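Reading the structure
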Amino acid sequence: MNESVNIRELNDLVASKNDFVNLVTRGMDQAIVGQKHLVDSLLIALLSNGHVLLEGVPGLAKTLAIKTLAQVIDAKFSRIQFTPDLLPADVTGTMVYSVQKEQFQIKRGPIFANFVLADEINRAPAKVQSALLEAMQERQVTIGERTFKLDDPFLVMATQNPIEQEGTYPLPEAQVDRFLLKVVIGYPTKDDEKLIIRQNISPRKVEIKPLLKPDEIIDAQKIVEQIYLDEKIERYIVDIVFATRFPGDYELKDLTNIISFGASPRASISLAKAARSYAFLRQRGYVIPEDVRAVCHDVLRHRIGLSYEAEANNITTDEIISEILDKVEVP
């Protein structure tokens, strides 16, 4: 009986933040046409206190999406263009000698923002990627002998172009694993594209006004942490992740030679966090199996290694995840 009362209280608590979701969505809709999945993914990552790796061809409003989100929330935004000659200090900052003061001073890099766009992350070498990913994981940056905490909320949206692979440095598996979601976005529909044309050739430009404060995001994150996750849902998440490691135990023997390595424990944590955030967006104080299934592809897509056999047969991780979701018993 107490449990049902608590869930009712949680539902009321989530409902009290309903305006928050509507305000963010309304603000984003002013500048972004279509791309609902991209907007939802950014919100899920933000509420889960995670980061997003975004894959899509140029011109799909990736930069515009995170810039608009920062404007709506009245938060600091910075953009880092990753290039082969970029250095870690260009991301985190460095010590600069001041002639007037005759001492070294710290010059903070673009990582010191609430929303960071790491554009074409795979164009920079591993040492630069690791400087960014350390900040993502530890939420702090060390310059010289001093360590600085990064402000909350903190979200990194890294992009990579799936077409051009010349002059790129693929992200190592251990680094990719630190992204909560890997989102693949496609082209807009015909109707959406007509609206995009209309919006961009119009002489009247849309001005995005702040609708929220960063503190409201932090409050929402605290509510998401309270969303009820039943033991059956936990078991369901663990079964899905274990099916990527030991497919034979889940009547998926045909996947044994296709998967070279399964998802890490970080995948289980990410699935639980993302499912909670998805439930919050759907105005529920508890997680249901549909929430887990809704975020599963984005959470696991970059965490499953494909064997040579899979690549030779053009089998994708998305197909593997779909097959696992069909087989694993839903509570």
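Structure's up top.
The following paragraphs examine the structure supplied in this document.

About the cut-offs
Residues numbered from 1 in each chain as written. Predicted model: local features only at pLDDT ≥ 70, side-chain atom pairs only at ≥ 80, totals over all residues. Heavy atoms only, no water. Helix = DSSP H or I, 4+ residues; strand = E, 2+ residues; numbered from the N terminus. Rg over C-alpha atoms; globule rule 2.2 N^0.38 Å. Buried < 20%, exposed > 50% of the residue type's maximum accessible area, 1.4 Å probe, protein only. Contact = heavy atoms within 4.5 Å. Axes fitted to C-alpha atoms, helices over the stretch in contact; angles between N-to-C directions. Parallel < 35°, antiparallel > 145°, perpendicular 65-115°, else oblique. Left-handed = near helix turned anticlockwise from the far one by under 90°. Nonpolar A, V, L, I, M, F, W, Y, C, P; charged D, E, K, R; others polar. Polar contact = N/O pair within 3.5 Å; in protein donor to acceptor, adjacent residues only side chain to side chain. Patch = residues over 30% accessible without salt bridge, like charges linked within 9 Å, V, L, I, M, F, W, Y side chains within 5 Å. Areas by Shrake-Rupley, 256 points an atom, 1.4 Å probe, with all protein chains shown as cover. Salt bridge = Lys/Arg side-chain N within 4 Å of Asp/Glu carboxyl O. Phe/Tyr/Trp six-rings, centres within 6.5 Å; stacked < 30°, edge-to-face > 60°. Lys NZ or Arg CZ within 6 Å of the ring centre and 35° of its normal. Pairing = 2+ DSSP bridges.

1. Observations regarding the overall build of the chain
Looking only at helices and strands, one finds 14 helices and 11 strands in the chain. Against the globule reference of 20 Å for 331 residues, the chain gives a C-alpha radius of gyration of 21 Å, in line with a compact fold. Its C-alpha atoms give the chain principal-axis dimensions of roughly 70 × 50 × 50 Å. Put simply, the chain has 331 residues, and 47% of those count as buried. Partitioning the intrachain contacts of the chain with sequence separation of at least 6 by distance along the chain shows that 79% fall at a separation of at least 24.

2. Some thoughts on the packing of helix α11 (residues 265–281) against helix α12 (residues 289–300)
Put simply, α11 and α12 touch, their axes get as near as 9 Å, and they point 130° apart. One element, α11, and the other, α12, form an angle in the oblique class. In terms of crossing hand, the pair formed by α11 and α12 is right-handed. Between α11 and α12, the contacting residues are Ala 267, Ser 270, Leu 271, Ala 274, Ala 275, Tyr 278 and Ala 279 on the first element and Asp 291, Val 292, Ala 294, Val 295, Cys 296, Val 299 and Leu 300 on the second. Looking at the contact of α11 with α12 residue by residue, the class counts come to 12 nonpolar, 1 polar and 1 charged.

3. Details of the side chain of Thr 159
Mapped onto the secondary structure, Thr 159 falls in strand β8 (residues 155–160). When sequence neighbours within four positions are dropped, the list of residues in contact with Thr 159 reads Leu 54, Lys 62, Leu 117, Ala 118, Asp 119, Glu 120, Ile 121 and Asn 122.

4. Regarding the side chain of Gln 129
Looking at where Gln 129 falls in the secondary structure, it is placed in helix α6 (residues 126–138). With a relative accessible area of 0%, Gln 129 lands in the buried category. Polar contacts involving the side chain of Gln 129 include one to the main-chain carbonyl oxygen of Ala 124, which spans 2.9 Å. Leaving out residues up to four positions away in the same chain, Gln 129 has contacts with Ile 121, Asn 122, Ala 124, Tyr 169, Pro 170, Leu 171, Pro 172 and Gln 175.

5. Here's the deal with a nonpolar patch on the surface
A surface patch of nonpolar side chains, amounting to about 430 Å² of accessible area, comprises Met 95, Tyr 97, Val 99 and Phe 104. Relative to the helices and strands, Phe 104 resides in strand β4 (residues 103–108). Accessibility expressed as a relative area gives 54% for Phe 104, which makes it exposed.

6. Focus: the packing of aromatic side chains
One pass over the full model with this rule turns up 3 aromatic pairs. Between Phe 242 and Phe 246, the aromatic rings sit 5.9 Å apart at their centres with planes inclined by 40°, giving tilted as the arrangement. Residue Phe 242 is classed as partly exposed on the basis of its relative accessible area, which comes to 33%. We classify Phe 246 as partly exposed; its relative accessible area is 43%. The ring of Phe 112 is capped by Arg 108, whose NZ or CZ atom sits 4.7 Å from the centre of that ring. Over the ring of Tyr 286 we find Arg 284, and its NZ or CZ is 5.8 Å from the ring centre.

7. Thoughts on the pairing of strand β1 (residues 52–55)
The alternating pattern of β1 places Val 52 and Leu 54 and Leu 53 and Glu 55 on opposite faces, both of which are buried. In this structure, β1 lies alongside β8, joined through 4 bridges in parallel fashion. By the bridge assignment, Glu 55 is partnered in β8 with Gln 160. When β1 meets strand β9 (residues 181–184), the two strands line up parallel, connected through 4 bridges. From the neighbouring strand, Val 52 faces β9, where its bridge partner is Leu 181.

8. Some details on the environment of Glu 134
In this fold, Glu 134 is placed in helix α6. What makes Glu 134 partly exposed here is its relative accessible area of 41%. Along the backbone, Glu 134 and Gln 175 are 41 residues apart, and their C-alpha atoms lie at a distance of 9.2 Å. With sequence-adjacent residues up to four places away left out, Glu 134 is seen in contact with Arg 139, Gln 140 and Arg 178.

9. Some thoughts on the pattern of salt bridges
Within the structure shown, the criterion is met by 12 salt bridges. Put simply, Arg 266 and Asp 177 hold a salt bridge, and the shortest N to O gap is 3.2 Å. In this pair, Arg 266 sits in helix α11 while Asp 177 sits in the loop between α7 (173–176) and β9, placing the two residues 89 residues apart along the sequence. A relative accessible area of 29% means that Arg 266 is categorised as partly exposed. Between Asp 318 and Arg 301 there is a salt bridge, with its nearest N and O atoms 2.9 Å apart. Pair noted here: Asp 318 is in helix α14 (residues 317–327) and Arg 301 is in the loop between α12 and β11 (305–306), with a separation of 17 residues, a long-range link. A relative accessible area of 13% means that Arg 301 is categorised as buried. One salt-bridge network, held together by shared partners, links Lys 36, Asp 40 and Arg 282.

10. Some remarks on the environment of Arg 293
One can find Arg 293 in helix α12. For the pair Arg 293 and Ser 264, spaced 29 residues apart in the sequence, the C-alpha separation amounts to 18 Å. For Arg 293, the residues in contact, after removing those within four places along its chain, are Tyr 236, Leu 325, Asp 326 and Val 330. A polar atom in the side chain of Arg 293 sits 3.2 Å from the backbone oxygen of Leu 325.

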